[in-house]
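As a plain string of letters, each chain reads:
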Amino acid sequence: MFQLMPENNVAVRLRGLRKNFGAVEAVAGVDLEIADGEFFAMLGPSGSGKTTVLRMIAGFESPTAGTVELGGRDVTRLAPFERDVNTVFQDYALFPHMTVLNNVEYGLRVKKVARAERRERALEALRSVRLSGFENRRPAQLSGGQRQRVALARALVNRPRVLLLDEPLGALDLKLREEMQVELKEIQRQAGITFLFVTHDQEEALTMSDRVAVFNGGLVEQVGTPAEVYERPATPFVAGFVGTSNLISGEAARTVLGKEGTFSVRPEKLRLVLDLSAPVGDEEHSATGTVAEVVYAGAATRFVVDLDAGGRLIVLQQNLEVSSMDVTGLRGGRVRLAWNRRHEFAIAS
Ligand code: ADP
Ligand code: MG
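Calculation criteria
- Residues numbered from 1 in each chain as written.
- Chains lettered and ligands numbered in written order.
- Predicted model: local features only at pLDDT ≥ 70, side-chain atom pairs only at ≥ 80, totals over all residues.
- Heavy atoms only, no water.
- Domains from an automatic or database assignment.
- Contact = heavy atoms within 4.5 Å.
- Salt bridge = Lys/Arg side-chain N within 4 Å of Asp/Glu carboxyl O.
- Polar contact = N/O pair within 3.5 Å; in protein donor to acceptor, adjacent residues only side chain to side chain.
- Helix = DSSP H or I, 4+ residues; strand = E, 2+ residues; numbered from the N terminus.
- Nonpolar A, V, L, I, M, F, W, Y, C, P; charged D, E, K, R; others polar.
- Near = heavy atom within 4 Å.
- Areas by Shrake-Rupley, 256 points an atom, 1.4 Å probe, with all protein chains shown as cover.

Student: Explain the domain arrangement of the chain to me, and be specific about the residues and the numbers.
Tutor: In many analyses, interface size is given as the accessible surface area lost on bringing the parts together. Structurally, the chain comprises domain 1 (7-241) and domain 2 (247-346). Taking the mean C-alpha position of each, domain 1 and domain 2 sit 39 Å from one another. Each partner contributes to the interface: domain 1 provides six residues, whereas domain 2 provides five residues. Where domain 1 meets domain 2, there are one salt bridge. Applying the counting criterion to the domain 1 and domain 2 interface returns three residue pairs in polar contact (both at pLDDT 80 or more). It is helix H7 (residues 226-231) that contributes the most residues to the side of domain 1 that touches domain 2, three residues altogether. Per-class residue counts for the side of domain 1 that touches domain 2 are four nonpolar, no polar and two charged.

Student: Explain the site of ligand 1 residue by residue, including any values.
Tutor: Neighbouring ligand 1 are the residues Phe 21, Val 24, Ala 26, Pro 45, Ser 46, Gly 47, Ser 48, Gly 49, Lys 50, Thr 51 and Thr 52. Within the contact set of ligand 1, an oxygen atom lies 3.1 Å away from a backbone nitrogen or oxygen of Ser 48. In the environment of ligand 1, an oxygen atom lies 2.8 Å from a nitrogen or oxygen atom belonging to the side chain of Lys 50. Its free accessible area being 560 Å², ligand 1 has 58% of it covered by the protein chains. Mapped onto the shell around ligand 1, the elements with two or more residues apiece are strand S2 (24-35) and helix H1 (50-58). When residues in the shell around ligand 1 are grouped by element, the largest group, three residues, is from H1. Looking at side-chain class alone, the shell around ligand 1 contains four nonpolar, six polar and one charged residues.

Pasting the structure below:
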């Protein structure tokens, strides 16, 4: 899980990072390496320690134990302004009385960058987030998504090695959020800056990141590409938090799979067979059960099936040739679920 990268490629390295707030152990020993140019997500439920890790990297919080390295240099004892990072907060923290341009220039003014260079860099940062022409507006005259982009420009103008983003899309409605997910990714690619991104939204983490660290109770349970954590969750927690867990264990594992242990199959990998006597493929496992619930959702339908062998599985089927009338009629019906064996995997329990 903890792999070493060539020294000059490591943007952020955390070693044995811990943080206690009184009796609360917010971060309980985190080791992570984030490569230069990576779009890296810290994903986990509320209270799992993500923000505290981010604040320790930024220097707003000092660790109880462990170290923070940026670009191979130990910065654990350095003040925030001495670190080559910038943070974008969920509430944007823009100055309401300043124009967009002045908001973006502010950090450079503090650093006493000359006026002409300041202007040039601020305009370039605004261009990179596609806000040219908005220089003289005030934050109140912008939409939520535009404000978010000003906050981004204000961080990018400093050309940090690492940009820290704490739930940056949390305040946006779903549609805008989805648009900004795509845009943020493009901006990151163009700027070539390492993005370290905190979210509790598994879909957001999976769609945007190069790699994901899944947090639980102040610890990292798994680090991997989106496909790895989704297709091969290392623990029951990851299986349940990243997607639907769909566990087959105990008696059901013995009867249906012929083996001991706990196994998971993702909902979209299950095939719903209405003719119970129809043969299943050689490479398939199958189990019979009763449909307990049907949730029609336009493009797809979600079936909850109670297995005769015990336990319940969720099945996601695309609505290719059916209407909601057809699928809801299946509630209470007898079905067989079949899946290719290579889609069932053991997880540590
Ligand atoms: P996340 O960002 O994953 O929601 P946090 O890092 O904010 O989690 O919090 C982790 C834990 O530490 C929570 O139990 C939270 O209540 C606690 N915590 C965070 N900051 C403080 C603080 N300043 N004082 C006391 N407890 C804190
Ligand atoms: Mg948080």
